[in-house]
Amino acid sequence: MIKLLFFTDTHARGNSPISRLDDFPETVLKKIAYVGKLGEKLGVDGYIHGGDWLDRPDTTSNMLRRMTEIISKFNKPIYTVIGNHDIYGYNNDTFLRTPLSIIEAAGIITRLSKSPIIIDKNGEKVSLTGIDSSFDLDKGDVSLYNNYPSEKQDFPSVHVVHGFLTKKPWPQVPCTTIDDLFKDNASPNADVILTGHEHSGFGVVEKNNKLFCNPGSLLRISASVGDMNKNVSVAIVSIDNGNNKISIDIEQLPPDIALPSSQVLDRNKLLEEKEHASKLSSFIKDLNKISDTQEFNIFQILSKYAKENNVDEK
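Note that the coordinates shown come from a computational prediction; the quantities given were computed from them, not determined experimentally.

Draft legend 1. A look at the state of the cysteines. This structure, assessed with the given rule, holds zero disulfides. Between Cys175, a cysteine without a disulfide, and Cys213, which holds the nearest cysteine sulfur, the sulfur-to-sulfur distance is 18 Å. Here Cys175 falls in the buried class, since its relative accessible area comes to 17%.

Right, here's the structure in full:
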């Protein structure tokens, strides 16, 4: 049997988000270290990360060094795709400018791609493919979910995507539902599709003999309702070639590693953020009403806005 531990969206950063009550950087490192030890305890054959290792590509050198020290001690290979937070401006071409690319070059992580990586354990095999975050994802074309591995194999396959895969549509958010992958007689080539990106996760879903999993982010970044209610979890993918069986178990982190949300998240900060976002949205709508497509000078636009809304010149 081949076992793989899947975790995603660690969002390592050198300071604490405004909504966190704890020391966020220390929490990140403690959780990543726990994942390594858990995999060792369960005897996994590899780790898979679903992208967004970092909260931003220019994360502090101290955090990167400490995180690298931890993951370099994982006892099995770490396979990964790249998330939108791991690169600059959602541009995949900037990856080589990021510290994460140095960690890859050092051989500490192995980047998945459209070309399969085959894990062979005493004759039992599984192929791994992956798709990084990109603008092409979740715009209606499901090929980046469905078309890999591109060639038929006589052993199981796992495809990892840093995309917004969901059980049902999200209002006003570009996403791909699991049902979308089966429209017009289509079906994923892979036996298992693992995704991150959407932080609350949907656990494990089985449809038409295919397994889909997003255990949710390893870190709770905001004090949103989803983060307040979520359990912090990883997924264990077990592949038994001999019995032609694949299973996925969700493993919740213990409370001493992932403290209850009430102890680490400040709901009052969320309400303040929502009020600020509402005011900003209203301001932008007013700007759109008075601004002309020919006007690109921000000072002219603001001056016109101020006059039309009787805002004091100071």
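Draft legend 2. Looking closely at helix 2 (residues 61–71). Buried residues of helix 2: Met63, Leu64, Met67, Thr68 and Ile71, and no others. The arc enclosing the buried residues of helix 2, seen along the axis, measures out at 130°, which places them on a common side. Against the buried residues of helix 2 lie helix 1 (24–42), strand 3 (78–80) and helix 3 (99–105).

Draft legend 3. Spotlight on the pattern of salt bridges. Per the stated rule, a full pass over the model turns up nine salt bridges. Residues Arg13 and Asp55 are paired through a salt bridge, measuring 2.9 Å at the closest nitrogen-oxygen approach. Residue Arg13 is located in the loop between strand 1 (2–7) and helix 1, and its partner Asp55 is located in the loop between strand 2 (46–49) and helix 2; the two are separated by 42 residues in the primary sequence. Relative accessible area serves as the criterion here: at 17%, Arg13 is assigned to the buried category. With relative accessibility at 14%, the residue Asp55 sits in the buried group. Two residues, Glu69 and Arg65, come together in a salt bridge whose shortest N-O distance is 3.0 Å. In this pair, Glu69 and Arg65 both sit in helix 2, four residues apart, roughly one turn of the helix. For Glu69, a relative accessible area of 38% gives the class partly exposed.

Draft legend 4. Up close: the pairing of strand 7 (residues 157–161). Taking burial as the measure, the five residues of strand 7 include five buried ones, the bulk of the element. Of the pairings in the sheet, the one linking strand 6 (residues 124–131) to strand 7 comprises five bridges and is parallel in character. By the bridge assignment for strand 7, Ser127 is matched with Ser157. Summarising the sheet, strand 7 and strand 10 (residues 192–195) pair through four bridges and their orientation is parallel. Counted as the bridge partner of His159 is Ile193 from strand 10.

Draft legend 5. Structural context of the environment of Leu194. Position of Leu194 relative to the elements: it lies in strand 10. Expressed as a C-alpha distance, the spacing of Leu194 and Phe212, which sit 18 residues apart in the sequence, is 5.9 Å. Apart from the residues within four sequence positions on either side, Leu194 is in contact with Phe6, Ile48, Val158, His159, Val160, Val161, Cys213, Val237 and Ile248.

Draft legend 6. Main features of the packing of aromatic side chains. Inspection of the entire model under this criterion finds five aromatic pairs. Both rings, one in Phe7 and one in Trp53, keep their centres 5.9 Å apart while their planes meet at 85°; by these two values the pair is edge-to-face. Highlighted residues: Phe7 in strand 1 and Trp53 in the loop between strand 2 and helix 2, separated in sequence by 46 residues. The exposure class of Trp53 is buried, given its relative accessible area of 0%. Look at Phe164 and Trp170: their rings are 5.0 Å apart centre to centre, the planes differ by 80°, and that puts the pair in the edge-to-face class. It is Arg97 that lies over the ring of Tyr88; its NZ or CZ is 4.9 Å from the centre. Lying across the ring of Phe95, Arg111 places its NZ or CZ 4.3 Å from the centre.

Draft legend 7. Focus on the environment of Val192. Mapped onto the fold, Val192 is located in strand 10. Between the alpha carbons of Val192 and Asn209 there is a distance of 9.3 Å; along the sequence they are 17 residues apart. Other than its neighbours up to four places away in sequence, Val192 contacts Ser157, Val158, His159, Leu211, Ile246 and Ile248.

Draft legend 8. Looking closely at the pairing of strand 2. Judged by which residues are buried, strand 2 turns out to be covered on both faces: Gly46 and Ile48 on one side and Tyr47 and His49 on the other are all buried. Where strand 1 and strand 2 come together, four bridges link them in parallel fashion. From the neighbouring strand, Leu4 faces strand 2, where its bridge partner is Gly46. Judged from the three bridges that link them, strand 2 and strand 3 form a sheet pairing that is parallel.

Draft legend 9. Structural context of the sheet that holds strand 1. Reading across the sheet, the six strands line up as 4-3-2-1-13-14 and stay open at both edges, with mixed pairing between neighbours. On the outer flanks of this sheet lie strand 4 (110–111) and strand 14 (245–252), each paired with one strand and no other. Relative to strand 4, strand 3 runs parallel, the two sharing two bridges. Following the sheet pairing, Tyr79 is matched in strand 4 by Thr110. Against the sheet, helix 1 engages strand 1, strand 2, strand 13 (233–240) and strand 14, with an angle of about 165° to strand 1.

Each value, and the rule that gives it
- Residues numbered from 1 in each chain as written.
- Predicted model: local features only at pLDDT ≥ 70, side-chain atom pairs only at ≥ 80, totals over all residues.
- Heavy atoms only, no water.
- Disulfide = S-S within 2.5 Å.
- Buried < 20%, exposed > 50% of the residue type's maximum accessible area, 1.4 Å probe, protein only.
- Helix = DSSP H or I, 4+ residues; strand = E, 2+ residues; numbered from the N terminus.
- Arc of directions from axis to C-beta.
- Contact = heavy atoms within 4.5 Å.
- Salt bridge = Lys/Arg side-chain N within 4 Å of Asp/Glu carboxyl O.
- Pairing = 2+ DSSP bridges.
- Phe/Tyr/Trp six-rings, centres within 6.5 Å; stacked < 30°, edge-to-face > 60°.
- Lys NZ or Arg CZ within 6 Å of the ring centre and 35° of its normal.
- Axes fitted to C-alpha atoms, helices over the stretch in contact; angles between N-to-C directions.

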